[in-house]
Amino acid sequence: MIHHISIPARDPVRVAAVLAELMKGRDFPFSGPLPGAYMAMSGDPQGTMIEVYPDTIALAPGEDEAQVAFTPGPPTTGYFPFHALISVPLDRAAIERIGAREGWRTKFFGRGAPGKPPVFRLLEFWVENRVMLELAPSDMVHEYVSYMQIGRIEALMRERMDAATQ
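These lines cover the structure that appears in this document, whether it is placed above or below. (Residues numbered from 1 in each chain as written. Predicted model: local features only at pLDDT ≥ 70, side-chain atom pairs only at ≥ 80, totals over all residues. Heavy atoms only, no water.)

Here we look at the environment of I5
No. 1: By the secondary structure assignment, I5 is in strand β1 (residues 4–9).
No. 2: The exposure class assigned to I5 is buried, which follows from its relative accessible area of 15%.
No. 3: Not counting residues within four places of it along the chain, the set of residues in contact with I5 comprises M49, I50, E51, F82, A84, I86 and L133. (Helix = DSSP H or I, 4+ residues; strand = E, 2+ residues; numbered from the N terminus. Buried < 20%, exposed > 50% of the residue type's maximum accessible area, 1.4 Å probe, protein only. Contact = heavy atoms within 4.5 Å.)

Focus: the sheet that holds strand β4 (residues 49–54)
For sheets, the rule is that strands pair by backbone hydrogen bonds, running either parallel or antiparallel.
No. 1: What the four strands build is an open sheet, ordered β1-β4-β3-β2; its pairing is mixed. Two strands bound the open sheet, and with one partner strand each, they are β1 and β2 (26–29). Averaged over neighbouring strand pairs, the angle between their axes works out to 25° when direction is ignored.
No. 2: With four bridges connecting them, strand β3 (residues 38–41) and β4 associate as antiparallel partners. Bridge pairing links M41 to M49 in β4.
No. 3: In this fold helix α1 (residues 12–23) packs onto β1, β2, β3 and β4, with an angle of close to 5° to the strand it touches most, β3. (Pairing = 2+ DSSP bridges. Axes fitted to C-alpha atoms, helices over the stretch in contact; angles between N-to-C directions.)

Below, the structure is given as structure tokens:
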């Protein structure tokens, strides 16, 4: 289970506020040793949180026995090989309204194997039009949860192996 993630942002204050709104939670300044960072907290029993760091910061391994270090890094201008699927307590229309208000690309899609029907649906929510979060409203999250089970994926892999050997 993922309890928190961190993402870069040009405007961590704004991004944390929008993410907290999507989760029906609260945003706060980051409680760790990184000025300018913020947190969006859901308030759920799992402690779900998204840390939003200035995009001028990099995470680096600490020296010797020290923990992670926040180091200056060049501002990131492109896209990132990162995303997270997050269930939120809003419906599709509310998510789309928030995305439109912020001017961030927000699109509804089905996900699945190419050429096959989608196995679950979600909204791509592009934070600052650079970082993708997949959002699953409460009426859609059950599709993902019921599909992403080890037994189901094992069966899919067996089908693919069988088809490849024929």
